[in-house]
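Structural features, examined
Chain by chain, the residues:
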Amino acid sequence: MSSVQNIQEGRSRPSFPFGFLRRATPGAGSPAILALLMTPGIIIVAAFFLIPLALVAMRVADGPDGWATYFVILTNGRYFASLVQTLLMSAGVTLTALILCGVCGLFLVRNRFAGRNMLMALLTLPLSFPGTVVGFMVIMLAGRQGVIGSVTDALFDEKLVFAYEISGLFIGYLYFSIPRVILAVMASAEKLDPQLEEAARSLGAPTWRVIKDVILPGLMPGLVSSGAICFATAMGAFGTAFTLATDIDVLPMVIYTEFTRNANVAVAAALSIALGAMTWAVLFAVRCFVGSSADTAARGGA
Amino acid sequence: MSTQIRLRDCAKTFGDGTRALAPFDLTIEGGETIVLLGPSGCGKTTILRMIAGLEFPDKGGVITFDGDDVTHQSIEKRRVGMVFQSYALFPNMTVAQNVAYGLKVHGVSREESDARVKDMLEMMHIEMLADRRIDQLSGGQRQRVALARAIAVQPRVLLLDEPLTALDAKLRVRLRTEINALLRKLGITAVYVTHDQEEAMALGDRIVVMQKGEIAQIGTPREIYRKPQNPFVADFVGAANRLDGQMRDGRLHIGTHVFDAVDAFDPRHGAIIDQGPVELFFRADGLSTCDAARAHVTGRVEAVSYLGERLRLTVSGIGAQAVIVDTHADDVIAPGADVHCQINPDRLTVFPVGAGAGNSAANQSAHAVS
């Protein structure tokens with residue numbers, strides 16, 4: 001089929017043997033070939049995603065409570081508290097990151113100043129650090145020998161130490177999330193049409209209304225997508241928590257302890273499934289809630 | 001009542017030191033439509049943005065609306081309606097929500113706002129689009145929505161920044177007619193920015209021709225077209241043909257021919273001169289073809305284009321540059337032929353040599369159109 005196309009398109013073009021890799025033309029009989037090409041992808045998804053997921057889900061039944069383990073994690077105070085705590089912290093990190101980066105990203109796009117590129121490079125630095133290094137940095141900042149501790153000790157005679165608890169984890173995740181969100185915000189902000197703001201102002205809109213009605217809807221696609229990544233990362237990240245302390249009750253830590261120390265495979269499996277399901281459900285809800293308006297804004301902005 | 005706008009001693013220097021506008025005075029009467037015309041970079045949009053409150057004049061400049069000093073007022077307080085080349089409609093709102101936006105901001109009640117939006121959409125003939133999303137509209141429809149949105153809040157002045165530039169030629173003419181009718185009907189003070197001479201003539205009560213940050217001429221379309229006050233304006237409004245001549249004792253000499261009753265106006269001194277080298281600017285009707293015996297000048301046809309109602313010739317050998325001459329559509333003329341022309345002295349605009357940047361202006365206007 002590709003050779004026929006080549007002849008039709010003119011002889012000057014060199015023959016391209018993999019014509020089917022070009023964009024599928026409707027009615028060209030390519031679905032079969034496309035399906036064939038997708039097979040490796042399907043195999044990989046099945047082998048490394050669907051099958052392990054199914055196996056984990058099934059292991060729950062092997063525990064002493066059988067399938068009821070799923071209810072146990074909701075009724076057991078420790079597991080349930082961990083669920084809620086992880087959810088709240090992730091939501092908190094996401095919201096804080098969105099607000100901080102929304103303001104900074106907009107500022108960075110709209111202002112040119114000396115050292116701007118340097119600042120940009122610094123802000124995106126956390127991208128290159130693994131979770132353990134971030135954890136290490138949090139300890140340096142807010143640990144027993146940390147900077148904040150020394151300063152408060154000198155000023156108020158009391159050491160402020162919060163690296164080894166949930167607030168330390170919060171700081172670590174926030175640091176980790178900033179580059180992703182800021183880059184996404186900047187990409188959206190560059191596409192904002194300044195005349196939209198001028199039009200709103202000419203109609204009498206004060207600054208807060210311009211932000212609410214023009215800037216936020218314009219930034220929404222970037223905020224939603226980067227917020228989703230930020231939330232999912234905070235829900236599942238492990239390295240930072242593991243570096244800070246082993247007794248922080250976030251879900252990945254609880255799963256780790258149940259699995260390796262207590263050999264409580266059924267509960268670990270149930271918690272894993274719950275973690276995945278919850279993250280997915282929150283992301284899905286956010287998409288449904290703001291996705292449609294974000295889509296419109298993205299389309300209209302073209 | 002319609003608002004009178006006055007700009008006094010307004011100049012604009014940008015942050016990097018470039019002078020965008022030399023100090024100028026301009027009074028726009030209530031209900032008047034004034035068109036700011038000029039090539040890109042001439043400062044016309046800066047004047048519009050100063051009136052809007054998006055730019056502020058340098059120290060010493062004063063802007064008043066009906067005598068109220070609005071110089072330091074920001075745009076949201078000035079009650080101006082703005083229409084942009086890029087439409088600038090809110091993509092996250094429907095057509096009706098866009099038109100209602102200004103009313104909502106001003107706290108107009110729901111019922112009143114709904115009624116006003118309906119009126120506006122009907123006036124712009126887009127009532128059937130009320131619930132559409134912006135990305136479902138054509139360019140012409142978008143600009144109608146933008147107009148409806150701008151006038152819904154009953155602004156003191158309507159500011160239009162090249163609103164038709166993004167549309168195709170046919171639609172441009174149709175919407176131009178509609179905008180003209182709308183402005184007359186509303187009786188609103190309007191400032192319209194364009195680089196299109198035809199649009200300026202069709203819409204403006206008065207036209208302000210701008211050149212490099214200065215006002216080159218203010219006048220009615222007829223004055224601008226028939227009595228350009230300097231070579232730049234002459235060239236910009238379409239008199240792009242140029243010939244050299246001499247004034248001797250008040251009479252115009254072109255080659256060996258002498259013409260009476262032609263005035264050479266020197267814009268630098270505001271006076272008629274009767275001696276010295278001059279430049280003649282004219283449109284295609286400044287020359288007409290004739291037989292060899294009666295010819296004032298003779299040239300060679302370089303190119304022929306058939307415009308339907310007439311034949312347009314590009315002729316070399318008459319002036320320093322090729323000139324455009326129109327002739328009857330039925331004439332059969334091929335490139336390379338000799339063509340004899342008569343000069344119509346009453347169609348010439350005569351300036352002393354060096355009175356203005358005639359040729360560089362020609363290049364600028366070409367850029368503005370492209």
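No experiment lies behind these values; they were computed from the predicted model shown.

Some details on the overall build of chain B
- Scanning chain B from terminus to terminus reveals ten helices and 22 strands.
- Referenced to the eigenvectors of the C-alpha coordinate spread, the extents of chain B come out at roughly 80 × 50 × 35 Å.
- Sequence separation of 24 or more characterises 68% of the internal contacts of chain B that already satisfy a separation of 6 or more.
- Carbon and sulfur atoms make up 48% of the accessible area of chain B, which amounts to about 16500 Å² in all.
- Each charge class in chain B can be summarised by its mean position, and for the 41 positive and 46 negative side chains these summaries are 4 Å apart.

Considering the pairing of strand E20 (residues 323-328) of chain B
All names here are of chain B.
- Pairing between strand E19 (residues 310-316) and E20: six bridges, direction antiparallel. The residue of E20 that forms the bridge with valine 315 is valine 323.
- As consecutive antiparallel partners, E19 and E20 are separated by six residues, and within that stretch glycine 317 has a phi angle of approximately 90°, a positive value.

Concerning the interface of chain A and chain B
- On the chain B side, the residues contacting the 21 residues of chain A number 24 residues.
- Together chain A and chain B conceal approximately 2100 Å² of surface at their shared face, both sides included; 59% is due to carbon and sulfur atoms.
- Sorting the residues of chain A by area buried against chain B places Arg201, Ser202 and Leu203 of chain A first, and these three jointly supply 30% of that buried surface.
- At the surface where chain A touches chain B, the tally comes to two salt bridges.
- In this structure, glutamate 76 of chain B engages arginine 201 of chain A in a salt bridge whose closest nitrogen and oxygen atoms are separated by 3.2 Å.
- Where chain A touches chain B, the interface holds five residue pairs in polar contact (both at pLDDT 80 or more).

Notes on the sheet that holds strand E1 (residues 5-13) of chain B
Residue and element names in this part refer to chain B.
- Read from one edge of the open sheet, four strands run E2-E1-E4-E5, paired in antiparallel fashion. Each having just a single partner strand, strand E2 (19-28) and strand E5 (68-69) make up the two edges of the open sheet.
- When strand E4 (residues 62-65) meets E5, the two strands line up antiparallel, connected through two bridges. When the bridges of E5 are listed, phenylalanine 65 appears paired with aspartate 68.

How each quantity is defined
- Numbers given to residues run from 1 along each chain, matching the order in which its sequence is written.
- Chains and ligands are labelled sequentially in the order written, the chains with letters from A and the ligands with numbers from 1.
- Where local features are concerned, this predicted model is filtered to residues with pLDDT of at least 70; where side-chain atom pairs are given and counted, the filter is 80 or more; whole-chain, interface and lining totals use all residues.
- The basis for every side-chain value is the complete set of heavy atoms in the structure, and neither hydrogens nor water enter the calculation.
- Only DSSP runs of H or I reaching four residues or more are called helices, and only runs of E reaching two or more are called strands; each is numbered from the N terminus.
- Should any heavy atoms of two residues lie within 4.5 Å, those residues are considered in contact.
- Working definition of accessibility: Shrake-Rupley area with a 1.4 Å probe, residue cover restricted to the visible protein chains.
- Under the counting rule used here, the positive set is Lys and Arg, the negative set is Asp and Glu, and His together with the chain ends is not counted.
- Where a charge lies is defined by one atom per residue type: Lys uses NZ, Arg uses CZ, Asp uses CG and Glu uses CD.
- Here a strand pair is declared whenever DSSP counts at least two bridges between the two strands.
- Buried area: the accessible surface (1.4 Å probe) lost by two parts on joining, summed over both.
- Basic side-chain nitrogens of Lys or Arg form a salt bridge, by our definition, when they fall within 4 Å of a carboxyl oxygen of Asp or Glu.
- Counting of polar contacts relies on pairs of N or O atoms within 3.5 Å, with two restrictions inside protein: one atom must be capable of donating a hydrogen and the other of accepting it, and residues adjacent in sequence are counted only when both atoms are side-chain atoms.

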